[in-house]
Amino acid sequence: MAVKERLESLYAELPPEIALVAVSKFHPSSAIREARAAGQLDFAESRPQELSAKAAELADLKDLRWHFIGHLQTNKLKMVLPYAHLVQSVDSERLLDAIQDWAAANSRTVSVLLEYHVAAEDSKQGFDECGLELVLEKAAEGCYPGICFRGLMAMATNTDEETVVAEDFERARRLFLRLSTMAGEDFDLLSMGMSGDWRIAVEAGSNMVRIGSYIFGERI
Ligand SMILES: *Cc1c(COP(=O)(O)O)cnc(C)c1O
């Protein structure tokens, strides 16, 4: 199946209120053009250099929305923040402080999701529950005037056991609802679900899925 058919089959199955972000990491700009021609506007990258290079190559496609989903080091902000519609992988207070400094220096507001570490693997990044509460308390006190907190991003444990995956997503959903009461009105995105587990994520309440290999094939 070509990219267009893959996208069409996803849109046929996804409830219309759920956003689809096409994860284009490790795929060439030509694949993004193909997806854009089929109507896809939201794309995600995980490496700063790759994002800035593709944003330059595809600058003629003015309506693309770039999402950043990889671990972001504070010394790489310049390669990401000028292009990013949404930084989905904010995983530390140190990073938030650096984003706030960049936003102030550049008179911009940066939209972010906070990454919730729900999976069993230690290798995955993200805040625990207390860390998330602390950040939103600080935000309510006005510590991050240049940052718009849009919601949570979570990745489930990498396992074939669907009940484990479903439990991870449900825990994230419950936390998202609880945090929504302490966050601002903009806190309305719950980004969960990839090629292998997006149906489980949607069932558990995700409203944004990030799908790469199903759309574009194996990463190069
Ligand atoms: C790579 C990646 C995806 C997409 O994964 P696929 O299995 O290719 O759909 C989604 N989210 C994050 C954070 C990723 O790094």
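Before going into details, it helps to say that this report is about the structure given with it. Since we're looking at a predicted model, the values are computed, not measured.

1. Comments concerning the environment of Val209
- Secondary-structure assignment places Val209 in strand β8 (residues 208-211).
- Contact partners of Val209, with chain neighbours within four places excluded, come to Leu14, Ile18, Ala19, Leu20, Val21, Met192, Gly193, Trp198 and Val202.

2. Brief notes about the nonpolar core
- Grouped together as the largest cluster of nonpolar side chains are 66 residues, with contacts concentrated most on Val87, Leu114, Phe149 and Leu152.
- It is helix α7 (residues 162-182) that contributes the most residues to this core, seven residues altogether.
- In contact with Phe149, other than residues within four places in its own chain, are Leu96, Val112, Leu114, Val135, Leu136, Ala139, Tyr144, Asp186 and Phe187.

3. Focus: the site of the ligand
- As a structural note, the neighbourhood of the ligand is formed by Val23, Lys25, Ile69, Met155, Met194, Ser195, Arg210, Ile211, Gly212, Ser213 and Arg219.
- Here an oxygen atom of the ligand and a side-chain polar atom of Lys25 are 2.7 Å apart.

4. Quick look at the pairing of strand β2 (residues 42-45)
- On β2, burial covers both faces: Asp42 and Ala44 on one face and Phe43 and Glu45 on the other are all buried.
- In this view, the connection linking strand β1 (residues 19-23) to its parallel neighbour β2 by way of helix α2 (residues 29-37) has right-handed handedness.
- Of the strand pairs in this sheet, β2 and strand β3 (residues 65-68) are connected by four bridges, and their pairing is parallel. By the bridge assignment for β3, Asp42 is matched with Arg65.

5. What to know about the packing of aromatic side chains
- Enumeration over the complete set of coordinates arrives at three aromatic pairs.
- Note that Arg6 overlies the ring of Tyr214, its terminal NZ or CZ placed 4.7 Å from the centroid.

6. A few points about the environment of Val3
- Positionally, Val3 belongs in helix α1 (residues 3-13).
- Owing to a relative accessible area of 9%, Val3 belongs among the buried residues under this scheme.
- For the pair Val3 and Ser24, spaced 21 residues apart in sequence, the C-alpha to C-alpha distance is 11 Å.
- Ignoring sequence-local partners within four residues, the contact set of Val3 consists of Glu34, Ala35, Ile215 and Phe216.

7. Thoughts on helix α3 (residues 48-57)
- For α3, the full list of buried residues reads Pro48, Glu50, Leu51, Ser52, Lys54 and Ala55.
- On its buried side, α3 packs onto α2, β2, β3 and α4 (77-80).

8. So, the side chain of Ser52
- Mapped onto the elements, Ser52 comes out in helix α3.
- On the basis of relative accessibility, which here comes to 16%, the residue Ser52 falls in the buried class.
- In this structure Ser52 touches Met79 and Tyr83, once residues within four positions along its chain are discounted.

9. Some details on the pattern of salt bridges
- Taken as a whole and assessed by the stated rule, the structure comprises 14 salt bridges.
- Two residues, Arg150 and Asp188, come together in a salt bridge whose shortest N-O distance is 2.6 Å. With a gap of 38 residues between them, Arg150 in strand β6 (residues 147-154) and Asp188 in the loop between α7 and β7 (189-192) connect regions that are remote in the sequence.
- Arg150 sits in the partly exposed class, given a relative accessible area of 24%.
- Note on Asp188: relative accessible area 36%, which makes it partly exposed.
- It is possible to trace a salt-bridge network through shared partners that takes in Glu45, Arg47, Glu50 and Lys54.

10. Structural notes on the packing of helix α6 (residues 129-140) against α7
- Relative to each other, α6 and α7 sit at 20°, their axes nearing to 10 Å. In terms of orientation, α6 lies roughly parallel with respect to α7. For the element pair α6 and α7, the recorded crossing hand is right-handed. The segment α6 lies against α7, with Glu129, Leu132, Glu133, Leu136 and Glu137 engaging Leu175, Arg178, Leu179 and Met182.
- Tallied by class, residues from the contact of α6 with α7 come to five nonpolar, no polar and four charged.

Each value, and the rule that gives it
Residues numbered from 1 in each chain as written. Predicted model: local features only at pLDDT ≥ 70, side-chain atom pairs only at ≥ 80, totals over all residues. Heavy atoms only, no water. Helix = DSSP H or I, 4+ residues; strand = E, 2+ residues; numbered from the N terminus. Contact = heavy atoms within 4.5 Å. Core = buried A, V, L, I, M, F, W, Y, C linked by side-chain atoms within 4.5 Å. Buried < 20%, exposed > 50% of the residue type's maximum accessible area, 1.4 Å probe, protein only. Near = heavy atom within 4 Å. Polar contact = N/O pair within 3.5 Å; in protein donor to acceptor, adjacent residues only side chain to side chain. Right-handed = clockwise from strand over helix to strand, strands pointing away. Pairing = 2+ DSSP bridges. Phe/Tyr/Trp six-rings, centres within 6.5 Å; stacked < 30°, edge-to-face > 60°. Lys NZ or Arg CZ within 6 Å of the ring centre and 35° of its normal. Salt bridge = Lys/Arg side-chain N within 4 Å of Asp/Glu carboxyl O. Axes fitted to C-alpha atoms, helices over the stretch in contact; angles between N-to-C directions. Parallel < 35°, antiparallel > 145°, perpendicular 65-115°, else oblique. Left-handed = near helix turned anticlockwise from the far one by under 90°. Nonpolar A, V, L, I, M, F, W, Y, C, P; charged D, E, K, R; others polar.

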